[in-house]
Protein chains: 2
Amino acid sequence: MAPALIDWRKRFTGKARALVLPGSAEQVAAVVRLCAAEGVAVVPQGGNTGLVGGATPDMSGNAIVLSLRRINAVRSLDKLNNTVEVEAGCALQNLQEAAARHERLFPLSLASEGSCTIGGNLSTNAGGTQVLRYGNTRELCLGIEVVTPQGEIWSSLNGLRKDNTGYDLRDLFIGAEGTLGIITAACMKLFPKPRGTATALCALADLDATPVLLEHALNHFGALVTAFEVFSEECLRLVLKHFGARRPFAKSSAHYLLIEISGHEEQARTEALLTEWLGREAEAGLVLDAVLAQTLDHARQLWNLRENISEAQAAEGKNIKHDISVPISAIPAFVTQTDALLQGIAPGVRMVCFGHIGDGNLHYNVSPALDAAGDPEPEAQFLARQDAVYRLVHDQVARFGGSISAEHGIGQLKRTEITRYKSPVALGMMRAIKHALDPAGIMNPGKLL
Amino acid sequence: MAPALIDWRKRFTGKARALVLPGSAEQVAAVVRLCAAEGVAVVPQGGNTGLVGGATPDMSGNAIVLSLRRINAVRSLDKLNNTVEVEAGCALQNLQEAAARHERLFPLSLASEGSCTIGGNLSTNAGGTQVLRYGNTRELCLGIEVVTPQGEIWSSLNGLRKDNTGYDLRDLFIGAEGTLGIITAACMKLFPKPRGTATALCALADLDATPVLLEHALNHFGALVTAFEVFSEECLRLVLKHFGARRPFAKSSAHYLLIEISGHEEQARTEALLTEWLGREAEAGLVLDAVLAQTLDHARQLWNLRENISEAQAAEGKNIKHDISVPISAIPAFVTQTDALLQGIAPGVRMVCFGHIGDGNLHYNVSPALDAAGDPEPEAQFLARQDAVYRLVHDQVARFGGSISAEHGIGQLKRTEITRYKSPVALGMMRAIKHALDPAGIMNPGKLL
C-alpha cells in the first residue's frame, strides 16, 4: 500500500484503511455504497502522478484509497464518429497508441503520459503541449461514466457532439479532483492523424515579441499551429548542463521558441510552409535565428530541450514552482514586472520561466541565487523565502487577472491559497454544489475545497 | 410588454408583473435582490428567438420578465489574446461584425443571428452551422459574468485559456436556460479571419455514404472543414417551390451535401483543394454530381437552399419538428429505421430531414401526407398524431443513444419529455444543484426542470 500513500513529488503523505482495487464501475459503486453506509472517506487514485497532492489521503487514517488501475480497457473505438470509449484507469499513452492503430490522433500529451491515467487527466482537467490547437482534457471529452457519492452510476458515454438536455454535469465532474464522485470511464474525441509535422526552434531577442509572433503564426497557419512553447536562456543552460545536449545556435539568446505545425498538409509542404514563415519573421526582425528539424529524431532533440527543463532544474536542488496563467497579451508585462519585484525580496534568485505561451500558461519557477563562486545559496535560506515568493507571484497573477493554477489543479497544495484569490461568490457556489452532491462529505475530503 | 410575453414560434404565452430593462449588471443584481426579498420570479430574456419557450413567463402572472437588451455593449476586444468581452444583450450579428472589424472571426452563426443575443446563445448553448469546426457556444466561451439568484455578481471574464482552480461554474450556467442565474456578460474566443472559403453542393445517391464522406473530408482537409450539411430531395423541392430558386442539378437525387472549407489557405488554393477532392469522391462513386460556388453570391445561393428549408416547410402549414442527435456513424441506420416505423403509424407523411451531419444533429421534421390530388391531409388529422410521432421518434433516438434536444434546449416544450429519457441519477443531480444555488426557486421557474 505504501506507494499509494505518497504523492509523486513526495510532498504529501497520508494513511489509509485499505487500498481497494475494484474491477468494474459496478464494483466501484458497491465500494462507495459501503463507504457511505459506514462513513468512510474515499480517495480516488489513477496513475498517482498529480502535482498538488490531490490523490493522497490525509493523516487521519479514516479513508480508503480507491485505485482505478484495474479498470483500464479501451472499450471501443468508432472511427466514423471519431470517438473512443475508454476506462478511467487506462494510461494516457495506451489511449494514444490505440487511437494511432486506427489512424486517429488522441492529442492529449504530457510528460507523465506513460503512467498518468485518463481518469486522472479528466479529474484534473490536464493541459499539456497541444492545448493551443486541441484544448484541455475538458474540451476532448464528450461524455463520462461516474459513480456518485451515493454509489449510483450515471453514464453519458454516447458520443454525442450536441446534447442540450439540462445542466452540464459532465464538466462539473471534470476538474473536480474526485470531490464530487469517481469518473470510471469516458468517451473522448479523436482527430485525423496529421499527415505532416514540422518543428522548429527559434532564437528570440526577448519575450516582448512573443504574443505578436503567436498572432502572426495563428493568422498564417490557422489550425495547423499545434505547439508554441517558449523558454528562457537559463532553462536552456540547465538542460545543456544536465542532459549533455548541444547548444542549438552558435550564440545564446534571451528566449527560445519551439513551434510545431501539423495537420492535413503533406510532410514536404508542411516543412516548406514553416520555412517560408520563419524567413519572413527573420526578415521582420522578430526571429533572430531558427533551426528546422530535419528528421523525426532531430525534432525529438528539439522537443527534449523544452521537456527536460523541469528535470534539469530539479537536479540542481529545490526550487519554487508556479503554474500560472494570464491573458496572452499580458505575458511580457507580467514577466518583466514580476521578475523585478522578486529581485527586491530575494536578490539574485534565477528565473526558470517556460511554458505554453499559446495558452497564456507559464511555469514560472524560481531557483536559488548563486554566490560569487557560482554556488547556490543554502537551501534553508532559499526556502525560508518560499511563502513570500508565492505571495508576491500570486498577488501579481491576481493583478493581471490570471489564475494561480493553470493546469495542475488545487488538491492539498493550493487549497488555502485559493481562498485568498477566488471570489467569495464562486467559493460559496462551489461549497453549495459540494454539499448538494456529497452531503456526507465522503468524496476525497480535504482536497480542493 | 406584449411581445415579451409570447415566444417566437407563438406556442407559449404568459403573463408578467412587469418588463424590467436594467442598464448594467449592478442594476440586474439590484432587481434580483428585490425579487428575492419579495418572492417574485425572474424570467430572463434576450432576443426572444428561442424555440422551446424558455424565455416566456408562465400564466401565473407572478414573474417579471428581465430583458437584457439594454446591456449590449462590446466592452473590449484583445487581438493578441484573441478574445472579446461582450455584454449579454448584444445581438450575435453585432458581435460577428465587431470581430470582423478587427480582422477576427467570431464563428457562431445561426438563422436568427440578427436578433438573437449572445446571452441567449450562452443560456441555450446554441449550435449553428460551424459547430463541426469551432464547437457549440459553450466551446467558444472562456468566462462569464453572472448575477446569482441571491443578487450577487460573479465574474470570470479574464480571458484565460487555462484555469484549474475549482469546479467549472462557467459551464454550469451555460445551457442552464436562466434557471441558475442571469448571464450579464461573457468573454468569447476569437479566431483568425479565414483567408479563403470554398463552398460546394453535391448530389448524393443516399444517406448511407455520408458518414464515410465526412471521414474522407476530415482526413483530407483536417480543420479546414467548416460546414458539412445534408438535406433530402423533399427539402430541396420545398425550397425551390417557395423561394423560386433554380434546381442546382439537371437530375434530382435522394440527398444533397453542402460542404464548406475555409481557413488559412488563399482563396484560389482553397477552391483548388475542394475541386480536387470532389473529383476524387466522384470517381469513387460517393458523389454523383457537384457544383462549386464561383462567387460569393453563388455561395450564398447554395447556402440559401439549406437555410430556407425551415421557412419553406412552414409555408406549407404545420409540421412536427424534432431536434435530435445521434452518433454520426448511426445516422443512416437511424433514419432508415425511423422513416419506416413512422409510415407504420402515419402512412404517407413526408420526411423533411436535414441538418448538421458533421455534428450528428438532424432536424428530423415530419410533414402531412398528400392525397391523390396532391393536397395535404387535414391539419387536425395530422396533428392528432403529433404525440405518437414524438414518442416514436424520441424512443428511436433513445435506442440509438441519442439526444432529444441537440441544440434548442428544453424550456417548457420538452420539460416533461426529458423525464422519460434522462437518467434518474442525472435528473436527481440536476435538481440538487438547482436547489443548492436557487433554494427559493425564483430563477425562471417552470423551465428545464
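Here, the structure is the one placed above.
Residues numbered from 1 in each chain as written. Chains lettered and ligands numbered in written order. Predicted model: local features only at pLDDT ≥ 70, side-chain atom pairs only at ≥ 80, totals over all residues. Heavy atoms only, no water.

A. How the structure looks around the overall build of chain A. Helix and strand counts for chain A come out as 16 helices and 17 strands. Relative to the compact-globule value of 22 Å for 449 residues, chain A shows a C-alpha radius of gyration of 22 Å, a close match. Counting the 449 residues in chain A, one finds 61% classified as buried. The long-range share in chain A, meaning contacts at least 24 apart out of those at least 6 apart in sequence, stands at 73%. Total accessible area computed for chain A in this model is approximately 16,300 Å², and 52% of it derives from carbon and sulfur atoms. Across chain A, the 42 positively charged side chains and the 47 negatively charged ones have centroids separated by 4 Å. (Helix = DSSP H or I, 4+ residues; strand = E, 2+ residues; numbered from the N terminus. Rg over C-alpha atoms; globule rule 2.2 N^0.38 Å. Buried < 20%, exposed > 50% of the residue type's maximum accessible area, 1.4 Å probe, protein only. Contact = heavy atoms within 4.5 Å. Areas by Shrake-Rupley, 256 points an atom, 1.4 Å probe, with all protein chains shown as cover. Lys, Arg positive; Asp, Glu negative; His and termini not counted. Charge placed at Lys NZ, Arg CZ, Asp CG, Glu CD.)

B. Structural view of the sheet that holds strand 9 (residues 182–189) of chain A. Residue and element names in this part refer to chain A. Spatial ordering of the open sheet is given by 4-5-9-7-8, a layout of 5 strands whose pairing is antiparallel. In the strand order of this sheet, the two ends are held by strand 4 (74–78) and strand 8 (153–155), each with one partner. The sheet shows a mean angle of 10 degrees between the axes of neighbouring strands, direction not considered. Across 5 bridges, strand 5 (residues 83–87) lies against strand 9 in antiparallel orientation. Each bridged residue has a counterpart across the sheet, and for Val-84 the counterpart in strand 9 is Met-188. Sheet contacts for helix 1 (residues 25–38): strand 7 (141–147), strand 8 and strand 9; angle to strand 7, the most-contacted strand, approximately 45 degrees. (Pairing = 2+ DSSP bridges. Axes fitted to C-alpha atoms, helices over the stretch in contact; angles between N-to-C directions.)

C. Fine view of the pairing of strand 11 (residues 196–204) of chain B. Residue and element names in this part refer to chain B. Buried residues dominate strand 11, accounting for 8 of its 9 residues. Two strands pair when backbone bridges link them, and strand 11 and strand 13 (residues 255–263) are joined in this way by 9 bridges, in the antiparallel orientation. Considered in strand 13, the bridge of Cys-202 is made with Leu-257. Two elements, strand 11 and strand 14 (residues 289–292), share 4 bridges in a ladder whose sense is antiparallel. Its bridge partner lying in strand 14, Leu-201 is registered against Val-291.

D. Summary view of the interface of chain A and chain B. The interface is formed by 86 residues belonging to chain A together with 86 residues belonging to chain B. Carbon and sulfur atoms make up 58% of the surface buried where chain A meets chain B, a total of about 6,800 Å² over both sides. Counting the surface chain A buries against chain B, the share from its top three residues, A:Lys162, A:Asn164 and A:Tyr167, is 15%. Here B:Glu407 ties to A:Lys162 by a salt bridge, and the two come within 2.9 Å at their closest N and O atoms. In this structure, the connection of chain A to chain B is made through 40 residue pairs in polar contact (both at pLDDT 80 or more). (Buried area = accessible area lost by both parts, 1.4 Å probe. Salt bridge = Lys/Arg side-chain N within 4 Å of Asp/Glu carboxyl O. Polar contact = N/O pair within 3.5 Å; in protein donor to acceptor, adjacent residues only side chain to side chain.)

E. Representation of the relation of the copies chain A and chain B within the structure. Overlay of chain A on chain B (RMSD 0.0 Å): rotation 180 degrees, translation along the axis 0.0 Å. Such a combination of rotation and displacement between the chain copies is what one expects of a two-fold axis. Interface overlap between copies is the fraction of interface residues in one copy that are interface residues in the other; for chain A against chain B it reaches 100%, indicating a shared surface. (Least-squares fit on C-alpha atoms with pLDDT ≥ 70 in both.)

F. Spatial organisation of the state of the cysteines. Tallied over the entire structure, the rule returns 0 disulfides over all chains. For the unlinked cysteine A:Cys116, the closest cysteine sulfur is that of A:Cys90, found at 10.0 Å. (Disulfide = S-S within 2.5 Å.)

G. A look at the sheet that holds strand 11 (residues 196–204) of chain A. Residues and elements named next belong to chain A. Read from one edge of the open sheet, 7 strands run 14-11-13-12-16-17-15, paired in antiparallel fashion. Looking at the sheet topology across the chains shown, the edges are occupied by strand 14 (289–292) and strand 15 (323–325). Between one strand axis and the next, the sheet turns by 20 degrees as a mean value, whatever way the strands run. Alignment of strand 15 against strand 17 (residues 361–367), held across 3 bridges, turns out to be antiparallel. Within strand 17, the position partnered with Ser-325 by the bridge is Asn-361. Packed onto the sheet, helix 7 (residues 210–221) meets strand 11, strand 12 (225–232) and strand 13 (255–263) and runs at close to 165 degrees relative to strand 12.

H. Structural detail: the pattern of salt bridges. Residues and elements named next belong to chain B. Scanning the model with the defined rule gives 46 salt bridges over all chains in all. Note that Asp-171 and Arg-138 form a salt bridge whose closest N and O atoms lie 3.3 Å from each other. Residue Asp-171 is located in helix 6 (residues 169–173), and its partner Arg-138 is located in helix 5 (residues 137–140); the two are separated by 33 residues in the primary sequence. An identical accessibility class is assigned to Asp-171 and Arg-138; each is buried.

I. Expanded view of the packing of helix 12 (residues 331–345) of chain A against helix 14 (residues 386–399) of chain A. Residues and elements named next belong to chain A. Where helix 12 meets helix 14, the axes come as close as 10 Å, and the angle between the chain directions of the two elements is 155 degrees. Classified by the angle their axes make, helix 12 and helix 14 are roughly antiparallel. Crossing angle aside, the handedness with which helix 12 passes helix 14 is right-handed. Together, Phe-334, Gln-337, Thr-338, Leu-341, Leu-342 and Ile-345 of helix 12 and Ala-388, Val-389, Leu-392, Val-393, Gln-396 and Val-397 of helix 14 make up the contact between the two elements. (Parallel < 35°, antiparallel > 145°, perpendicular 65-115°, else oblique. Left-handed = near helix turned anticlockwise from the far one by under 90°.)

J. Up close: the environment of A:Gly89. Residues and elements named next belong to chain A. Within the secondary structure, Gly-89 is located in the loop between strand 5 and helix 2 (92–101). Each C-alpha atom, one on Gly-89 and one on Ser-115, is 9.8 Å from the other, the two residues being 26 residues apart in sequence. In this structure Gly-89 touches Leu-68, Arg-69, Ile-71, Asn-72 and Thr-117, once residues within four positions along its chain are discounted.

K. Representation of unusual backbone geometry. All names here are of chain A. Although it is not a glycine, Leu-448 adopts a positive phi angle of roughly 70 degrees. Relative to the assigned elements, Leu-448 resides in the segment after helix 16 (424–437). Judged by its relative accessible area of 0%, Leu-448 falls in the buried class.

L. Fine view of the packing of aromatic side chains. Residues and elements named next belong to chain A. Applying the stated criterion to the full structure yields 14 aromatic pairs over all chains. Judged by centre distance (5.6 Å) and plane angle (90 degrees), the ring pair of Phe-334 and Phe-400 falls under edge-to-face. One end of the pair, Phe-334, is in helix 12; the other, Phe-400, is in the loop between helix 14 and helix 15 (417–421), and 66 residues separate them in sequence. Three or more aromatic residues joined by ring pairs make a cluster, and in this case those are Phe-231, Phe-249 and Tyr-256. (Phe/Tyr/Trp six-rings, centres within 6.5 Å; stacked < 30°, edge-to-face > 60°.)

M. Quick look at the pairing of strand 13 of chain B. Residue and element names in this part refer to chain B. Of all the 9 residues making up strand 13, 9 are buried; the element is thus mostly covered by neighbouring parts of the structure. Both faces of strand 13 are covered, namely the face carrying His-255, Leu-257, Ile-259, Ile-261 and Gly-263 and the face carrying Tyr-256, Leu-258, Glu-260 and Ser-262. In the sheet, strand 12 (residues 225–232) pairs with strand 13 via 7 bridges, with the strands oriented antiparallel. Across the sheet, Val-230 pairs through a bridge with Leu-257, a residue of strand 13.

N. Summary view of the side chain of B:Lys414. Position of B:Lys414 relative to the elements: it lies in the loop between helix 14 (386–399) and helix 15 (417–421). Of the side chains bearing the opposite charge, B:Asp323 lies closest to the buried B:Lys414, which forms no salt bridge; the N-O distance is 4.7 Å.

O. Just the environment of A:Ala99, in detail. All names here are of chain A. Examined against the element boundaries, Ala-99 turns out to sit in helix 2. For Ala-99, a relative accessible area of 1% gives the class buried. Spatially, the C-alpha atoms of Ala-99 and Thr-270 are 23 Å apart, while their sequence positions differ by 171 residues. What Ala-99 contacts, discounting residues up to four positions off in sequence, is Leu-77, Arg-104, Leu-105, Phe-106 and Leu-190.

P. Structural context of the side chain of A:Thr270. If you trace the backbone, A:Thr270 turns up in helix 9 (residues 267–283). Apart from residues lying up to four places away in sequence, A:Thr270 is in contact with A:Gly196, A:Thr197, A:Ala198, A:Ile261 and A:Glu265.

Q. Summary view of helix 14 of chain B. Residue and element names in this part refer to chain B. Taking 1.5 Å per residue as the helical rise, helix 14 with its 14 residues ought to reach 20 Å, and the 20 Å between its terminal C-alpha atoms agrees with that figure. Every buried residue of helix 14 is listed here: Gln-386, Val-389, Tyr-390, Leu-392, Val-393, His-394, Asp-395, Gln-396 and Val-397. Tucked inside the fold, the buried residues of helix 14 contact strand 15 (323–325), helix 12 (331–345), strand 17 (361–367), helix 13 (379–383) and helix 15. One or two steps after helix 14, the chain reaches Gly-401, where phi turns positive at roughly 70 degrees. (Expected span 1.5 Å × (residues − 1).)

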